[in-house]
Amino acid sequence: MIGDEVFLVGDSIKLYVSDVGSNTKGAQISVSRANEGFLKCLFEEGYQDIVEGTIVIKKVARRSGERCKIALYSNDPNLDAAGSCIGPNGSKVQKIVSQLGNGVNKEKIDVINWYENPALFIIEAIKPAQALGLIMEDNNHAKIVVNDDQYTVAIGRRGVNVFLAAKITGYKLEIKTLDEVLASGLTY
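Residues numbered from 1 in each chain as written. Predicted model: local features only at pLDDT ≥ 70, side-chain atom pairs only at ≥ 80, totals over all residues. Heavy atoms only, no water.

> Quick question: what am I supposed to make of the pairing of strand β4 (residues 67-74) here?
Side chains on a regular strand alternate between the two faces of the sheet. Burial runs high along β4: 7 of the 8 residues are buried. Pairing of strand β3 (residues 55-63) with β4 involves 8 bridges; the strand directions are antiparallel. By the bridge assignment for β4, R62 is matched with C68. Linking two consecutive strands that pair antiparallel, namely β3 and β4, is a turn of 3 residues; a positive phi of about 85° is found at G65 within it. Pairing between β4 and strand β5 (residues 108-113): 6 bridges, direction parallel. In the strand pairing of β5, K69 is matched with D110. (Buried < 20%, exposed > 50% of the residue type's maximum accessible area, 1.4 Å probe, protein only. Helix = DSSP H or I, 4+ residues; strand = E, 2+ residues; numbered from the N terminus. Pairing = 2+ DSSP bridges.)

> So what exactly am I meant to see when it comes to unusual backbone geometry here?
Excluding glycine, most residues fall at negative phi; most peptide bonds, likewise, are trans. Residue K127 is joined to P128 through a cis peptide bond whose omega torsion reads 20°. Mapped onto the elements of the fold, P128 is located in the loop between α5 (118-125) and β6 (131-137). The phi angle at N139 is positive, at roughly 60°, despite the residue not being glycine. Mapped onto the fold, N139 is located in the loop between β6 and β7 (141-146). Owing to a relative accessible area of 77%, N139 belongs among the exposed residues under this scheme. A positive phi is found at R158, a non-glycine position, where the angle reads about 55°. The residue R158 is located in the loop between α6 (151-155) and α7 (160-169) in this model.

Here you go:
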C-alpha cells in the first residue's frame, strides 16, 4: 500500500501485478500499489501521447507515499514532454496524484524531461531546486552546485529529493553550496 492509505471491504482499487509465481499451494500473485511500475502504468493509462508513443517514459524513481520522479522524452521536437504531462496549472498530473493513496499525505510527483547528456539530466533531476552547475567526476559521481537558499530544496525532506535524483540518474550525487565551492577553489 501507499503511505497511510486505508481500504474498506468492497472498495474498488487499482493494483500492479509485480510478480507471478507458483508454490505447493498453487499459483501466487503478488500485487502492489507502492511499486514504481504502478506509477508508470498510471501514466500510460492517463496520457494519449504516451499510448501513441509520442512521449516515452524513460525512467521512474519512487519513494512510495512521499515523492517520485518520472523522466519523459518526446519523439516530437515541438512537444515538451514534461509540460504536456503536467498540464495547465498541474491539472493533468493532479489526476495521477489523486490515484496515489487515499491517506492524509499525498505523494508528490516531479515530472522531468529526460536528456541523453548525463550533466543535463542531473540538473533536470534535482528539480525543484535550481542548480547553478555541476562538477562531474569519475565513477558516476557528481557534485551539484546550488545557491545557499536552494540547499534544503535540493536535499529535500529527509533527503528524498537527492535520493530520487541519484536513483533516476544512476549517479552518486553530492550537493554543494556556492560558498563551499568557492571556498575550496573548485571549478564548476
